[in-house]
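Structural overview for review
Here's the letter readout for the chains.
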Amino acid sequence: MPTPSMEDYLERIYILIEDKGYARVSDIAEALEVHPSSVTKMVQKLDKSEYLIYERYRGLVLTAKGKKVGKRLVYRHELLEDFMRLIGVEEQHIYQDVEGIEHHLSWDAIDRIGDLVQFFQEDKTRIEALKHVQKKNEED
Ligand SMILES: [Mn+2]
């Protein structure tokens, strides 16, 4: 199992490769707001754990395992953002809240949140019912 920090890197590397076709140490450092030397260290660790292959002058590529995990991590982040938005969390809080919780939930909990998001999306009157409760609570 990757550590929370490894997860953050894998998630970011997966997104960079999806968007640009490659992920350079400098791009990762910029995206995660860390020093390039920290990126190099982590990339070496991810290489050792077989999530990617890193060659100093050729850059890095995700292994099949790295792609699979990266994809799941990006899905998890997006699902949790959808969930926060759906329950009415203010936009300005969503990203940081998700960053704060994403590493600490079991995949069981993620799947159940997925069910809940689907439950609301399948019938918009359910969202209206939730909004009604929120409005009542605000009035109290
Ligand atoms: Mn994230």
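Residues numbered from 1 in each chain as written. Predicted model: local features only at pLDDT ≥ 70, side-chain atom pairs only at ≥ 80, totals over all residues. Heavy atoms only, no water.

As annotated in an unreviewed UniProt entry, the chain carries the name HTH-type transcriptional regulator MntR and comes from Alkalihalophilus marmarensis DSM 21297. Listed under Subcellular location (unreviewed entry) in UniProt, the entry text for the chain is "Cytoplasm". Reading the Sequence similarities (unreviewed entry) entry of the UniProt record for the chain gives the comment "Belongs to the DtxR/MntR family." (UniProt positions renumbered as here; feature names shortened; annotations may be inferred.)

1. Brief notes about the coordination of the manganese ion
Glu-11 (OE), Glu-11 (OE), His-77 (ND1), Glu-99 (OE), Glu-102 (OE) and Glu-102 (OE) make up the full set of protein donors to the manganese ion, lying at 2.2 to 2.7 Å. One can describe the site at the manganese ion as irregular: its six donor atoms subtend angles covering 50 to 147° at the metal. The sequence pattern describing where the donors of the manganese ion fall on their chain is E-x65-H-x21-E-x2-E. On the criterion of sequence distance, the pair formed by His-77 in helix α4 (residues 64-86) and Glu-99 in helix α5 (residues 91-101) is long-range, its members being 22 residues apart. Like His-77, the residue Glu-99 is buried in the burial classification. (Donors = N, O, S within 2.8 Å, 3.2 Å for Na, K, Ca; no water. Tetrahedral: all angles 85-135°; square planar, octahedral: opposite > 155°, others 65-115°. Helix = DSSP H or I, 4+ residues; strand = E, 2+ residues; numbered from the N terminus. Buried < 20%, exposed > 50% of the residue type's maximum accessible area, 1.4 Å probe, protein only.)

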